[in-house]
Amino acid sequence: MPVIAPMPAARPARIPNQRDGAEDVAAGTTVDHLTETYRAHYRSLLGLAALLLDDTASCEDVVQEAFIRVHSARKRVRDPEKTLAYLRQTVVNLSRSALRRRILGLKLLSKPMPDMASAEEGAYDQLERDSLIKAMKGLQRRQREVLVLRYFADMTEAQVAETLGISLGSVKAYGSRGIAALRVAMEAPA
């Protein structure tokens, strides 16, 4: 069970009215009664929230929010004896809302693909890409052009020949020599 924090200091019992500075004592729960309810039942409401939620910070937030909402709606609570019941119901409703938000947040989190590479494999792949790019830069211009168009742009040999304006035999020769040069460059220690 989570540790329950000590009851925070109570707010002043008297809240001035905007018109004449008099205390707000209209029909419904008074500020004094709400303050006394806060002092007497804060811990029990915190315990109620702790049964519904799993962390102390969320429990405290829910209870504080419940008191704020009851304070805002205190004129609608006609019977001051029902203030505690209204607070309990508000704590339960706010706890439910907090749990719904968490569940929705978990559903919206992106799930990793089952065949997704680990961080180490990703780093290794990046190193391989970097060394491939370095090796490609070391090739002759025509070899590099043929390999890029053939394997990265996924063109046929005939399309590469047409694009570069060279014969089909030249495409095959540049491609063959380029791959051989890449093998040598990739096997050589860095």
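Fair warning: this is a prediction, and the values are worked out from it, not measured in the lab.

Honestly, the pattern of salt bridges in this entry has me stumped. Any pointers?
Should their charged atoms come close, side chains of opposite charge can pair. Enumeration over the complete set of coordinates arrives at six salt bridges. As a salt-bridge pair, Glu145 and Arg141 come within 3.1 Å of each other at their nearest N and O atoms. Here Glu145 and its partner Arg141 are both found in helix H5 (residues 141-152), four residues apart, which amounts to about one turn of the helix. Under the relative-accessibility criterion, Glu145 is labelled partly exposed at 23%. As a salt-bridge pair, Glu145 and Arg142 come within 3.3 Å of each other at their nearest N and O atoms. Linking Glu145 with Arg142, this pair stays in helix H5, spanning three residues, or about one helical turn. What emerges from the salt-bridge pattern is a single network uniting Asp54, Asp55 and Arg102.

Sorry if this is basic, but what is going on with helix H1 (residues 31-52) here?
Count 3.6 residues to each turn of an α-helix, and residues three or four apart come out pointing the same way. Along its length, H1 reaches its greatest deviation from straightness, about 60°, at His41. On its buried face, H1 is in contact with helix H2 (56-72) and helix H3 (83-108).

Help me out: how do you make sense of the side chain of Ser58 in this one?
Relative to the assigned elements, Ser58 resides in helix H2. With a relative accessible area of 17%, Ser58 lands in the buried category. Beyond its immediate stretch of four places on either side in the chain, Ser58 contacts Leu53 and Arg102.

For this particular structure, what's the right way to read the packing of helix H4 (residues 119-137) against helix H7 (residues 168-187)?
The relative placement of two packed helices comes down to the angle between their axes together with the axis-to-axis distance. The geometry of H4 relative to H7 is characterised by a closest axis approach of 9 Å and an angle of 130° between their N-to-C directions. For the element pair H4 / H7, the angle class is oblique. With respect to the hand of their crossing, H4 and H7 are arranged in right-handed fashion. Residues Glu128, Ser131, Leu132, Ala135 and Met136 of H4 form the contact with H7, whose own contacting residues are Leu182, Ala185 and Met186. Counted by class, the contact of H4 with H7 contains six nonpolar, one polar and one charged residues.

About the thresholds
- For every chain, the first residue of the written sequence is number 1, and numbering continues from 1 along that sequence.
- Only residues with pLDDT of 70 or above have their local features reported here, since the model is predicted, and side-chain atom pairs are shown and tallied only from 80 upward, although totals for entire chains, interfaces and linings are computed over all residues.
- Calculated side-chain values reflect all of the structure's heavy atoms, with hydrogen atoms and water omitted.
- Here, a salt bridge means any side-chain nitrogen of Lys or Arg that lies within 4 Å of a carboxyl oxygen of Asp or Glu.
- Strands here are runs of E lasting at least two residues and helices are runs of H or I lasting at least four, both read from the DSSP assignment and numbered beginning at the N terminus.
- For each residue, the accessible area found with a 1.4 Å probe, counting protein chains only, is set against the maximum for its type, and the residue is called buried under 20%, exposed over 50%, and partly exposed in between.
- Axes are fitted to the seven residues ending at a residue and to the seven starting at it; the angle between these axes is taken as the bend at that residue.
- When checking whether two residues touch, look at their non-hydrogen atoms; a contact exists if any pair is within 4.5 Å.
- Axis lines are fitted to C-alpha atoms, over the contacting stretch for helices. Their N-to-C directions set the angle, which ranges from 0 to 180 degrees.
- To sort the angles, those under 35 degrees are grouped as roughly parallel, those over 145 as roughly antiparallel, those from 65 to 115 as roughly perpendicular, and the leftovers as oblique.
- Two helices that cross are described as forming a left-handed crossing if the nearer one is turned anticlockwise from the farther one by less than a right angle, and a right-handed crossing if clockwise.
- Note on residue categories: nonpolar means Ala, Val, Leu, Ile, Met, Phe, Trp, Tyr, Cys or Pro, charged means Asp, Glu, Lys or Arg, and polar means any other residue, Gly included.

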